[in-house]
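# Breakdown of the fold
One-letter residues, chain by chain:
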Amino acid sequence: MVQTTGGTPVSVHEVAPHAGGAPQNHDPSHSPKSLQSSRTVAPQKCFLQIKGMTCASCVSNIERNLQKEAGVLSVLVALMAGKAEVKYDPEVIQPHRIAQLITDQGFEAAVMEDYAGSVGDIELIITGMTCASCVHNIESKLMRTSGITYASVALATSKALVKFDPEIIGPRDIIKIIEEIGFHASVAQRNPSAHHLDHKMEIKQWKKSFLCSLVFGIPVMGLMIYMLIPSNEPHESMVLDHNIIPGLSILNLIFFILCTFVQLLGGWYFYVQAYKSLRHRSANMDVLIVLATSIAYAYSLVILVVAVAEKAERSPVTFFDTPPMLFVFISLGRWLEHVAKSKTSEALAKLMSLQATEATVVTLGEDNLIIREEQVPMELVQRGDIIKVVPGGKFPVDGKVLEGNTMADESLITGEAMPVTKKPGSTVIAGSINAHGSVLIKATHVGNDTTLAQIVKLVEEAQMSKAPIQQLADRFSGYFVPFIIIISTLTLVVWIVIGFIDFDVVQKYFPNPYKNISQTEVVIRFAFQTSITVLCIACPCSLGLATPTAVMVGTGVAAQNGILIKGGKPLEMAHKIKTVMFDKTGTITHGIPRVMRFLLLVDMATLPLRKVLAVVGTAEASSEHPLGVAVTKYCKEELGTETLGYCTDFQAVPGCGIGCKVSSVEGILARSERPAGERVGSLPAEKDAAPQTFSVLIGNREWLTRNGLTISSDVSDAMTDHEMKGQTAILVAIDGVLCGMIAIADAVKQEAALAVHTLQSMGVDVVLITGDNRKTARAIATQVGIKKVFAEVLPSHKVAKVQELQNAGKKVAMVGDGVNDSPALAQADMGVAIGTGTDVAIEAADVVLIRNDLLDVVASIHLSKKTVRRIRVNLVLALIYNLVGVPIAAGVFMPIGIVLQPWMGSAAMAASSVSVVLSSLQLKCYKKPDAERYEARAHGRMKPLTASQVSVYIGMDDRRRDSPRTTPWDQVSCVSQVSLSSLTPDRPSRHSTAVDDGGDKWSLLLNDRDEEQYI
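Keep in mind that what you see is a predicted model, and the values were worked out from it rather than measured. (Residues numbered from 1 in each chain as written. Predicted model: local features only at pLDDT ≥ 70, side-chain atom pairs only at ≥ 80, totals over all residues. Heavy atoms only, no water.)

## Side note on the overall build of the protein chain
- When helices and strands are counted, the protein chain shows 33 helices and 33 strands.
- The buried share of the protein chain, reckoned over its 1015 residues, is 53%.
- In the protein chain, the share of contacts with a sequence separation of at least 24, taken over all contacts with a separation of at least 6, comes to 73%.
- Looking at the protein chain as shown, the accessible area adds up to about 45900 Å², and 58% of this sits on carbon and sulfur atoms. (Helix = DSSP H or I, 4+ residues; strand = E, 2+ residues; numbered from the N terminus. Buried < 20%, exposed > 50% of the residue type's maximum accessible area, 1.4 Å probe, protein only. Contact = heavy atoms within 4.5 Å. Areas by Shrake-Rupley, 256 points an atom, 1.4 Å probe, with all protein chains shown as cover.)

As structure tokens, this is what we get:
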């Protein structure tokens, strides 16, 4: 997948010259004049294929930036499908210009010339049609309607297929049009279980086949037992041996009738499958079975006809008993096998059952009041519909909340147990449950475009995909059938030769109840029996089933545990992983700065802590800086209030800090003291109730020194101490007095150290790779116990790091949160994306952890090991079975006295297939080890590292570099080289454009004395 990384920059640089230098007619697009003149032309729609989108924020970035462009009327981006649908004004802007705009944002975009758009199609059942003119009426009426591209009505089946443009018209409108002409139309119910994963059809088919064979097979078994009973007098022949006509005994006639019925009824399905297989010039299991039964049947029929023609005294001994017995055992085996298989895809069926069946579509009137509501089946919900969801109801489609606040339980989709707050503007996921309030949502993705439908598709594709070991087994199975046919023919020839050379051998091991048959017939009979048994016992099926059943159960169990594994390949790869690379921000850490410590530097009597918090919180509330947001949040939590004071004269100096005037904080203090009691520990309410105005400065050392404050060595040492831990320390001065220090850090996830320790104890090397500065990187690494760190690495160079390790012969897993890691995720042997919710769609990754939990990385490797072990057990079972079974059937072990009848062979074959599937189903018992178990194992062994134990490599070449040429990937991700920089790439400070002096505008870590300032 290197092309995503290498490809993105290249395409941008190559397209850029044409975009700039080519047709100039797009320049006027920015002048309002051309916009007005263009309104006469009907808007057009184009579709773009977009690569490189990793999560929901990419989608919103593309949508937001495109909508700013003149001429772009509406944008809808589908993350999973990697497509964008753009409505544009053709006089102002053209599709390739739109693609260029997306490319400029750092994604790969191409116009899909032949893509007809998200054409909706619907199958309707129309009642009330009587003749061809009705058909013509409906078709012509539909084709005259704008938005319908194709309509075809079939009188015989009463069905209509209509294709339409969902932007213009929807399923409900089409039904209305048909009903207006005087017919009744309804959606052809697509069976919810029509995903064919429950194997209902096959189970029914094989059950029928088995019962058919059994009806005729039981009498055959009875007759075989009857034949084995020795008669009292040697010369007395059995009743059934009497001939009806010369050469045809009663026994053979009964056998012939029963066998013919079995061949036609029980074996019909085998013959169909074998024919299809041979027509495509391949040979499968069915070919072997059909060969064995047909040869036995044909051979028996021929010798019987010959005997009748020759008017033989005694009827010959036939093989008519073989086909019924074969079909009984094989169809039983197949039936049980499919029943077991249907159990392997239960996880998927569970996902599918989340889909709502109906939606309440509302019509809004003036002032957004609901005029009417109607219950509409899921298939008829149209894009743009306003849907009402009541408490406890399921969200039927993906959409945006228009009105109302609620909590949505998305646990069934994301595995996240906590409900998620939804307010106007929030996106909701189909299949999640509305917990509290009633809300109105606007449908953005319906039908197969919803997130749930895409997850189902992902899991479905995963279960369909083949593991590499499976491809090997399949190739083996391909050669297996011809090989068995050769062995079978050889067996036949060899035994005929042996029989004619030394008849005693055959006679000794093949006791013949019929004393009056000629030697030749005995030899040929025996040779035929062994060769047919070889055909019956050989089972490429068990080899073919060994892997896919285990992969299906494995991926299903993983999905239930919140791990989406995209197919057999990553499932099989995970246990080979020798190095795991973790991204830092958002993966090892939470990705949001938090206040770790608030230190008061003045006497509580002069300035209580509560007042400082109120003043600082008010001042920082006007800041857009992520550190400011963190401070405000902390102050609000500590004061137990949502409202703060009033701030004026606010100024922010990027890279330094802020200054402002704060007033009206007394009200908050009075309010919050009553309920909060002594929460932070302060004096009673202030004596002076007159409103005060405070002059506030918050920022780094340099900012306060610049404003004439002196910083004592104690305070400076305390700051350095925090900075060595990778935290950002800022100072607070109120009215010219230094009164506080705040330490802020992007906190490490609580399970991170445990996950790293567990991986290391499994013999995996763990590496931290980050765009952050070395000081922060080292501090984080010491906390979680990682000894090797690559710091200040640009996103485009993460790929090179992965390749470097791969070239050293290691299998590498990359764990990232997908913002800037997707090229590396794609390059790694196993890309693991930490998704939260809709990040399920992270395309580049092979494994998506739906929960934001690093222990799931361990769980995915753990499950992979279990699955691969199961696959190996299955393959060994299947191989041993064939390696032992075929020689036994061929009569190699005859001297020991082991001889098999053909029906025994088929019974053994059926048993082998079923045993393999049952072996795979044992994976369903897999329980994901919980954190307590890992903690118990790690008890007493986890120790934080010292800074000297961590080796930090800088940048790309393990040494300091001059400023590198950034690639578009680096521009896209905005991950800069300093602490906390990657947190809010899309919210630069209002004043940041003015000042940009080499230091990073987000970071307060850097100051003039910092020798580690990075270019």
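Having seen the structure, we can now continue with the description.
## Observations concerning the sheet that holds strand 7 (residues 159-164)
- Taken in spatial order, the 4 strands line up as 6-7-5-8 in an open sheet, and their pairing is antiparallel. Of all the strands in the sheet, just strand 6 (148-154) and strand 8 (184-187) have a single pairing partner and so form its edges. Strand after strand, the sheet turns through a mean of 25 degrees between neighbouring axes, direction not considered.
- Relative to strand 8, strand 5 (residues 120-127) is paired through 4 bridges, and the arrangement is antiparallel. Its bridge partner being in strand 8, I125 is matched across the sheet by S186.
- Helix 5 (residues 132-144) rests against strand 5, strand 6 and strand 7 of the sheet, and its axis sits at about 170 degrees to strand 6. (Pairing = 2+ DSSP bridges. Axes fitted to C-alpha atoms, helices over the stretch in contact; angles between N-to-C directions.)

## Digging into unusual backbone geometry
- One non-glycine residue with positive phi stands out, namely S664, at about 60 degrees.
- Of note in the backbone geometry, D735 takes a positive phi value of approximately 50 degrees without being a glycine.
- Among the secondary structure elements, D735 is positioned in the loop between strand 26 (728-734) and strand 27 (737-748).

## Comments concerning the confidence of the model for the protein chain
- Predicted confidence across the protein chain gives a mean pLDDT of 75, with 76% of residues reaching 70 or more.
- Put simply, helix 1 (residues 2-21) is where the protein chain has its lowest mean pLDDT, 37, and strand 13 (residues 386-389) is where it has its highest, 92.
- Predicted confidence for residues 959-1015 stays below pLDDT 50, and this span has 143 contacts to residues more than four positions away or in other chains. (pLDDT = per-residue confidence, 0-100.)

## What to know about the sheet that holds strand 27
- Strand order in the open sheet formed by 6 strands is 22-27-26-25-24-23, and the pairing between neighbours is antiparallel. Two strands bound the open sheet, and with one partner strand each, they are strand 22 (589-600) and strand 23 (646-653). Between one strand and the next, the sheet's axes are offset by a mean angle of 20 degrees, whatever the strand orientation.
- When strand 25 (residues 693-699) meets strand 26, the two strands line up antiparallel, connected through 4 bridges. Residue pairing across strands places G699 opposite L731, the latter belonging to strand 26.

## Notes on a nonpolar patch on the surface
- Together, F476, V876, L879, I880, L883 and V884 make up an exposed nonpolar region whose accessible area comes to about 530 Å².
- No other element matches the 5 residues that helix 30 (residues 855-890) contributes to the nonpolar patch.
- Examined against the element boundaries, I880 turns out to sit in helix 30. (Patch = residues over 30% accessible without salt bridge, like charges linked within 9 Å, V, L, I, M, F, W, Y side chains within 5 Å. Salt bridge = Lys/Arg side-chain N within 4 Å of Asp/Glu carboxyl O.)

## A closer look at the nonpolar core
- Of all hydrophobic cores here, the largest spans 61 residues; its most connected members are F582, I588 and L759.
- Looking at which element gives the most residues to this core, the answer is helix 30, with 9 residues.
- Not counting chain neighbours up to four residues away, the residues in contact with F582 comprise T587, I588, V756, L759, V766, V767, L768, I769, V815, L854 and V857.
- F216, L288, A296 and Y299 belong to the second largest nonpolar core, which has 51 residues in total. (Core = buried A, V, L, I, M, F, W, Y, C linked by side-chain atoms within 4.5 Å.)

## A word on the packing of helix 17 (residues 519-537) against helix 30
- Look at helix 17 against helix 30: their axes get within 8 Å of each other, and the N-to-C directions meet at 165 degrees. Accordingly, the angle class assigned to the pair helix 17 and helix 30 is roughly antiparallel. The element helix 17 and its partner helix 30 pack so that their crossing is right-handed. Of helix 30, the residues touching helix 17 (which contributes T530, T533, V534 and I537) are Y881, N882, G885, V886, A889 and A890.
- Here the residues of the contact of helix 17 with helix 30 are counted per class, giving 6 nonpolar, 4 polar and no charged. (Parallel < 35°, antiparallel > 145°, perpendicular 65-115°, else oblique. Left-handed = near helix turned anticlockwise from the far one by under 90°. Nonpolar A, V, L, I, M, F, W, Y, C, P; charged D, E, K, R; others polar.)

## Side note on the environment of G567
- Note that G567 resides in the loop between strand 20 (563-565) and helix 19 (568-573).
- For G567, a relative accessible area of 1% puts it in the buried group.

## Looking at the packing of aromatic side chains
- On inspection of all chains with the given rule, the structure shows 10 aromatic pairs.
- Considering the side-chain rings of W206 and Y269, the 4.9 Å spacing of their centres and the 80 degrees angle between planes classify their relative orientation as edge-to-face. Taken together, the positions of W206 in helix 7 (residues 200-228) and Y269 in helix 9 (residues 268-279) put the pair 63 residues apart, joining distant regions of the chain.
- The class for Y269 is partly exposed, based on a relative accessible area of 21%.
- Taken together, the ring pairs connect W206, Y269, F270 and F327 into an aromatic cluster.
- Above the ring of Y150, the side-chain terminus of K163 is found at 5.6 Å from the ring centroid. (Phe/Tyr/Trp six-rings, centres within 6.5 Å; stacked < 30°, edge-to-face > 60°. Lys NZ or Arg CZ within 6 Å of the ring centre and 35° of its normal.)

## Here's the deal with a positive patch on the surface
- Side chains of K569, K576, K811 and R872 sit close together on the surface and give a patch of like positive charge.
- By the secondary structure assignment, R872 is in helix 30.
- Residue R872 is classed as partly exposed on the basis of its relative accessible area, which comes to 48%. (Lys, Arg positive; Asp, Glu negative; His and termini not counted. Charge placed at Lys NZ, Arg CZ, Asp CG, Glu CD.)

## Details of the pattern of salt bridges
- For the coordinates displayed, the defined rule picks out 11 salt bridges.
- Its salt-bridge partner being K928, residue D856 comes within 2.8 Å of it at the nearest N-O pair. Taken together, the positions of D856 in helix 30 and K928 in the loop between helix 31 (902-921) and helix 32 (931-938) put the pair 72 residues apart, joining distant regions of the chain.
- On the accessibility criterion, K928 (24% relative accessible area) is partly exposed.
- Here the residues in one salt-bridge network are K45, E85, D165 and R383, joined through shared partners.

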